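Structure at a glance
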Amino acid sequence: MIAGINVKESSGELLIGIKREQFIASLQNLPDKDGWVNIIISPLATPTSKGYTHNVRPQKPKPCKTDQ
């Protein structure tokens, strides 16, 4: 999970709340490729007690291919 970002679904739209400093710090700790960080937003099976309906997590980096 990535800290500093929350997602709720409302009327078919995703409402994304971002706590700027916390989110930026979380992003800076993720691996990047050429400055890009990939994240995945996936639905939760059941909403949390605060009404959040989706999980935000980093995409696992793909293994590097090595020349043989």
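Scope of this entry: the structure provided in the associated data block. What you are looking at is a predicted structure, and each value in this text was computed from that prediction instead of being measured. (Residues numbered from 1 in each chain as written. Predicted model: local features only at pLDDT ≥ 70, side-chain atom pairs only at ≥ 80, totals over all residues. Heavy atoms only, no water.)

Here we look at unusual backbone geometry
With a phi angle near 55 degrees, Ser 11 is a residue other than glycine that sits in the positive phi range. Summarising the element assignment, Ser 11 is placed in the loop between β1 (5-10) and β2 (13-18). When its relative accessible area of 77% is taken as the criterion, Ser 11 is described as exposed. Its identity is not glycine, yet Asp 34 carries a phi of approximately 55 degrees, on the positive side. (Helix = DSSP H or I, 4+ residues; strand = E, 2+ residues; numbered from the N terminus. Buried < 20%, exposed > 50% of the residue type's maximum accessible area, 1.4 Å probe, protein only.)

Focus on the environment of Ile 41
With respect to the element layout, Ile 41 can be found in strand β3 (residues 39-43). On a C-alpha basis, the gap between Ile 41 and Met 1 in space is 9.9 Å, while along the polypeptide they are 40 residues apart. If sequence neighbours within four positions are ignored, Ile 41 has contacts with Ile 16, His 54, Asn 55 and Val 56. (Contact = heavy atoms within 4.5 Å.)

Some thoughts on a nonpolar patch on the surface
A contiguous nonpolar patch, built from Leu 14, Ile 16, Ile 18, Ile 39 and Ile 41 and spanning about 400 Å² of accessible area, is present on the exposed surface. Looking at the nonpolar patch, the elements with two or more residues in it are β2 and β3. Looking at the nonpolar patch element by element, the count peaks at three residues for β2. Classification of Ile 41 by relative accessible area gives partly exposed; the value is 35%. (Patch = residues over 30% accessible without salt bridge, like charges linked within 9 Å, V, L, I, M, F, W, Y side chains within 5 Å. Areas by Shrake-Rupley, 256 points an atom, 1.4 Å probe, with all protein chains shown as cover. Salt bridge = Lys/Arg side-chain N within 4 Å of Asp/Glu carboxyl O.)

Details of the nonpolar core
Nonpolar side chains in soluble globular proteins tend to be buried together. Residues Ile 2, Ile 5, Val 7, Phe 23, Leu 30 and Val 56 constitute the largest nonpolar core, which totals six residues. Once residues within four sequence positions are removed from consideration, Val 56 is found in contact with Met 1, Ile 2, Ile 5, Val 7, Ile 39, Ile 40 and Ile 41. (Core = buried A, V, L, I, M, F, W, Y, C linked by side-chain atoms within 4.5 Å.)

Side note on the side chain of Thr 53
Of note, Thr 53 is situated in the loop between β3 and β4 (54-58). Classification of Thr 53 as buried rests on a relative accessible area of 15%. Polar contacts involving the side chain of Thr 53 include one to the side chain of His 54, which spans 2.8 Å. The residues touching Thr 53, leaving out its near neighbours within four places in the chain, are Val 7, Lys 8, Glu 9, Ser 42, Pro 43, Leu 44 and Pro 47. (Polar contact = N/O pair within 3.5 Å; in protein donor to acceptor, adjacent residues only side chain to side chain.)

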